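Breakdown of the fold
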Amino acid sequence: MDHRYFSKKVVEWYEENKRILPWRNTKDPYQVWLSEIILQQTRVSQGLPYYMRFVKEFPTVHDLASAPVQKVLRLWQGLGYYSRARNLHKAANELSKKFNGKFPSTFVALKQLPGIGDYTAAAIASFSFGEAVAVVDGNVFRVLARIFGVDTPINTPAGKKYFAELANSLISKDDPATFNQAIMEFGALHCTPKNPSCSTCVFRSACVAYKNESQQLLPVKLAAKKSRKRYFNYYVIKTKQSLLMHSRNGKDIWTGLYDFYLVENTKPAKPEKAFEANTFLKSLKPKIASTEPSKTYKHILSHQTIFARFTLITLKDKPRSLPANMRFYSINKVAELPKPVLISRFLQDFRLL
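Residues numbered from 1 in each chain as written. Predicted model: local features only at pLDDT ≥ 70, side-chain atom pairs only at ≥ 80, totals over all residues. Heavy atoms only, no water.

**Description of helix 3 (residues 44-57)**
Because each turn of an α-helix spans 3.6 residues, side chains separated by three or four positions end up pointing in the same direction. Taking 1.5 Å per residue as the helical rise, helix 3 with its 14 residues ought to reach 20 Å, and the 20 Å between its terminal C-alpha atoms agrees with that figure. Where helix 3 is concerned, the buried positions are Val44, Gly47, Tyr50, Tyr51 and Phe54. Summarising the axial view, the buried residues of helix 3 lie within an arc of 125 degrees, below the 170-degree limit, and thus occupy one face. Summarising the geometry of helix 3, the exposed residues directed more than 90 degrees from the buried face are Ser45 and Lys56. Where helix 3 is buried, its residues touch helix 2 (29-39), helix 4 (61-66), helix 5 (69-76) and helix 6 (83-98). (Helix = DSSP H or I, 4+ residues; strand = E, 2+ residues; numbered from the N terminus. Expected span 1.5 Å × (residues − 1). Buried < 20%, exposed > 50% of the residue type's maximum accessible area, 1.4 Å probe, protein only. Arc of directions from axis to C-beta. Contact = heavy atoms within 4.5 Å.)

This is the structure in structure tokens:
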């Protein structure tokens, strides 16, 4: 297929079918950046309200940089992949301090900022500064793999390089922003993963996948690592109107988010058994007024599945000593803290919030 033909047809389709989205009405690199980070691993319908809240709460990159990271994580709550929010805050600080709030204008320079990889850098560079560099996301992989019949796995170095080169050979040098928006929108709305609209497709006569009836086989993606299972016993220590919590740290999941006292086991363990084996929990026995167990919660993450049980332990008064980094927070304060969705589900189910 002639490359100019592809570019022309996908842009024509876009002009007739595009969705009206707020970040498409601006070249402001800050707003483009926000939208692209939020929409990574996230559907537009889910990400749109978050985008609107972030723009309202942090109108400029300086506003985002000066906000406590805890506030940023709280606003992000529910989107998952929280490293995106932490890197968003880091990059905002760097932009505010080193660049006086101004974004670098090139693909190469943008990639030096925290959390900005090839895709996001290409989006900002093309949408805001007119640089002819192609975006390659899941939608673009799918469109190119099907139309051009590419079976190189997309999640390999060779595959990423091949698709990036193909996309860059197709991009319009005159209007790269519209081309990038067009090919992504075509994948999102027309050349969809499960039910592509082949009967009305502008590329039907040239599409390799359509000719070979291989739409569901492309793009090729190597199998991911098997998801591991984790077993959590949470002990929710309550006194009057306060709960014992801490901010998670280290390199595990949910860094910077707040949860309860946790005992993790390598296999399912009854809360009572885990309680008896724990020195801190056993020390609470004389102070316990009541206990209430929860059901088992199943929480699926990208590479692991968590099976969690909560035991609400109401104490007569506060213990004299607490585990490191843990403290009691009032119920009102707990509502403001950034928390994993799993923790929020429990709090709502037990009507603690």
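Right, picking up where we left off after that structure.
**Concerning the packing of helix 3 against helix 5**
Running from N to C, helix 3 and helix 5 cross one another at 150 degrees; their axes reach a closest spacing of 10 Å. Relative to helix 5, the element helix 3 lies roughly antiparallel. The two elements helix 3 and helix 5 meet at a crossing, and its hand is right-handed. Here Tyr50, Arg53, Phe54 and Glu57 of helix 3 come into contact with helix 5, specifically with Lys71, Val72, Leu75 and Trp76. By residue class, the composition of the contact of helix 3 with helix 5 is 5 nonpolar, no polar and 3 charged. (Axes fitted to C-alpha atoms, helices over the stretch in contact; angles between N-to-C directions. Parallel < 35°, antiparallel > 145°, perpendicular 65-115°, else oblique. Left-handed = near helix turned anticlockwise from the far one by under 90°. Nonpolar A, V, L, I, M, F, W, Y, C, P; charged D, E, K, R; others polar.)

**Digging into the nonpolar core**
A general feature of soluble globular proteins is that nonpolar side chains tend to end up buried together. Grouped together as the largest cluster of nonpolar side chains are 97 residues, with contacts concentrated most on Phe6, Trp33, Phe54, Leu64, Phe260 and Phe310. Apart from residues lying up to four places away in sequence, Leu64 is in contact with Tyr30, Trp33, Leu34, Phe54, Phe58, Val72, Leu88, His89 and Ala92. In terms of nonpolar packing, the next biggest core, distinct from the first, is built from 14 residues, Tyr261, Ala274, Leu315 and Phe328 among them. (Core = buried A, V, L, I, M, F, W, Y, C linked by side-chain atoms within 4.5 Å.)

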